[in-house]
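# Inside the fold
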Amino acid sequence: MTLTGKMLIGQRAVSGNREAIRAINPATGTPMEPAYAGGHGEHVEQACALAWAAFDSYRETSLAERAAFLEAIADNIEALGDALIERAVAETGLPRPRIQGERGRTCGQLRTFARTVRAGEWLDVRVDTAQPQRQPLPRADLRQRQIALGPVAVFGASNFPLAFSVAGGDTASAFAAGCPVIVKAHGAHPGTSELVGRAVAKAVKDCGLPQGVFSLLYGSGREVGIALVTEPRIKAVGFTGSRSGGIALTQAAQARPEPIPVYAEMSSINPVYLFPAALEARAQRLAEGFVASLTQGAGQFCTNPGLVIAIAGAALDRFVATVSERLPGCAAQTMLTPGIFNAYTAGVRALAEHAQVVAKGLAAEGPNQGQAQVFITRADAFLTHAPLQAEVFGAASLVVVCADDAQVRQVCEHLEGQLTATLHLDEDDLIRAKALLPVLERKAGRLLVNDWPTGVEVCDAIVHGGPFPATSDSRSTSVGTAAILRFLRPVCYQDVPDSLLPSALQHGNPLLLRRLLNGQREA
């Protein structure tokens, strides 16, 4: 498929007329063709008008039709073959196996949402039948279902060019809920975005859906993004990116005459707690697992272990010694963009001003290569120096040495909201862990035991979210089937004739849903 450098507004390919975006191959520093001229407010208005016109029709598609649409997107992405893989590798510097795996994850989550849509449990149908004889007052017939919020704006992420971008989890869950989607492509991988966008647009057409179900826009700077978030026909936003970017979008959405939810995944340092018995038993193995997790993908994961917390002692010394042996053998890796590389360099420089270097990986041999680094500091310094508590996006981590359990808890209480918190423990650590667990539940969206946080399973039970600033809304997840709940709202139907009820609420239950009927869950 030949790249055009054009946006997709419904089924039309449209040229922008603002400053152009060009992908830069981070491994070589070379700009790539074609250029993608940015859109402006009129393009946003056109896309939103189409999305609004499509909304009422699309949200009432049958469960089978909507599931088939999601599956068609997955099929079309796979049909792109090597063209997609090669372009994504060139635009991101990520290795081919990583992109192939991410394509599998992207298509897998689309098919997972298709399964979820068909099952229909997300409709959360609740029925309280009429009780005309009830005294002192009769009860009306009351029926509730979930309906789609409306058109959703999705912002592509830099670090996942497929799984968190044009057809990623935000888009898939919004489509599953019945919401049209307008995507603002990330400027780091515009060609990858166009390829995937065309795969989505083809599925819209082939499934006979209104063209406004999907649009893809480009834009440098803030113009397109702010225009999308403040457009009255947009009813929710999905975002994965920087803390500053997520806060800016959230503030713009809240300043609207009609405020809307912004589901922004932003900043997390993902603390890892090494409990004494576990550390005593396997300090070397823990250090090896830590280095592997830290350096995976140049550390460019939102769940990278950026903080290690443990009590001072010989076992922790052995852990640190093993890290200092292993890390120097880790090659520097190409980072996603020059901007991300520069931010990483500034971040490790800030850590070095307040903490001691434990070890560094191999020096860079090419442009935009991040050198892995691990630092160490005392708990007192961590608690008093804000730069030590900031996320550094990349393969950098800080070991915080605590005097005792009380100081571990003090550090834990001091942390901001996190996506994950990891506990490495043995049987003799359970009392300590149980005492800390209530604090961790307040701080993080996912708690792990004897594992590493990098890697997020797409399934029903996963939570990829957490208290601010991990996300802008701690009640949500951006991964897994529960992500659909972000784009739904309840509607109650009182004494509505059966002929007017949506099929999910009709008396005969034609969709065979497991309803909550008069307080009892149907089999």
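The shown structure was predicted, so the numbers you read here are calculated from the model rather than taken from an experiment.

## Some thoughts on the domain arrangement of the protein chain
Assigned domains of the protein chain: these are domain 1 (7-123 + 150-266 + 474-487) and domain 2 (271-449). The interface is formed by 17 residues belonging to domain 1 together with 15 residues belonging to domain 2. Between domain 1 and domain 2, a total of about 1,200 Å² is buried, with carbon and sulfur atoms accounting for 59% of that surface. Of all residues in domain 1, the largest losses of buried area upon contact with domain 2 belong to P26, N159 and E265, amounting jointly to 35% of the total for that side. If you look at where domain 1 meets domain 2, you find one salt bridge.

## So, the UniProt feature "domain: Aldehyde dehydrogenase" (unreviewed entry) in the protein chain
On the UniProt side, "domain: Aldehyde dehydrogenase" (unreviewed entry) is annotated at positions that read residues 16-457 here. The span residues 16-457 is 45% helix and 19% strand, and its two end C-alpha atoms sit 37 Å from each other.

## Here we look at unusual backbone geometry
Here the bond from E33 into P34 is cis, since omega is -5°, no more than 30 degrees from zero. Considering the arrangement of structural elements, one finds P34 in the loop between strand 5 (30-31) and strand 6 (36-38). A positive phi angle, near 60°, is found at A298, a position not held by glycine. Position of A298 relative to the elements: it lies in the loop between helix 9 (276-295) and strand 15 (307-311). For N368, which is not glycine, the phi dihedral falls at a positive 60°. Along the chain, N368 turns up in the loop between strand 17 (356-360) and strand 18 (369-370). Residue class for N368 comes out buried when judged on its relative accessible area of 10%.

## Side note on the sheet that holds strand 8 (residues 142-148)
The pairing of strands in a sheet happens through backbone hydrogen bonds and is either parallel or antiparallel. What the five strands build is an open sheet, ordered 23-8-7-24-25; its pairing is mixed. Two strands close off the open sheet at either side, each with one partner strand: strand 23 (488-494) and strand 25 (520-521). Here strand 7 (residues 126-128) pairs with strand 24 (residues 516-517) via two bridges, running parallel. Looking across to strand 24, one finds that R126 is bridged to L516.

Parameters at a glance
Residues numbered from 1 in each chain as written. Predicted model: local features only at pLDDT ≥ 70, side-chain atom pairs only at ≥ 80, totals over all residues. Heavy atoms only, no water. Domains from an automatic or database assignment. Contact = heavy atoms within 4.5 Å. Buried area = accessible area lost by both parts, 1.4 Å probe. Salt bridge = Lys/Arg side-chain N within 4 Å of Asp/Glu carboxyl O. UniProt positions renumbered as here; feature names shortened; annotations may be inferred. Helix = DSSP H or I, 4+ residues; strand = E, 2+ residues; numbered from the N terminus. Buried < 20%, exposed > 50% of the residue type's maximum accessible area, 1.4 Å probe, protein only. Pairing = 2+ DSSP bridges.

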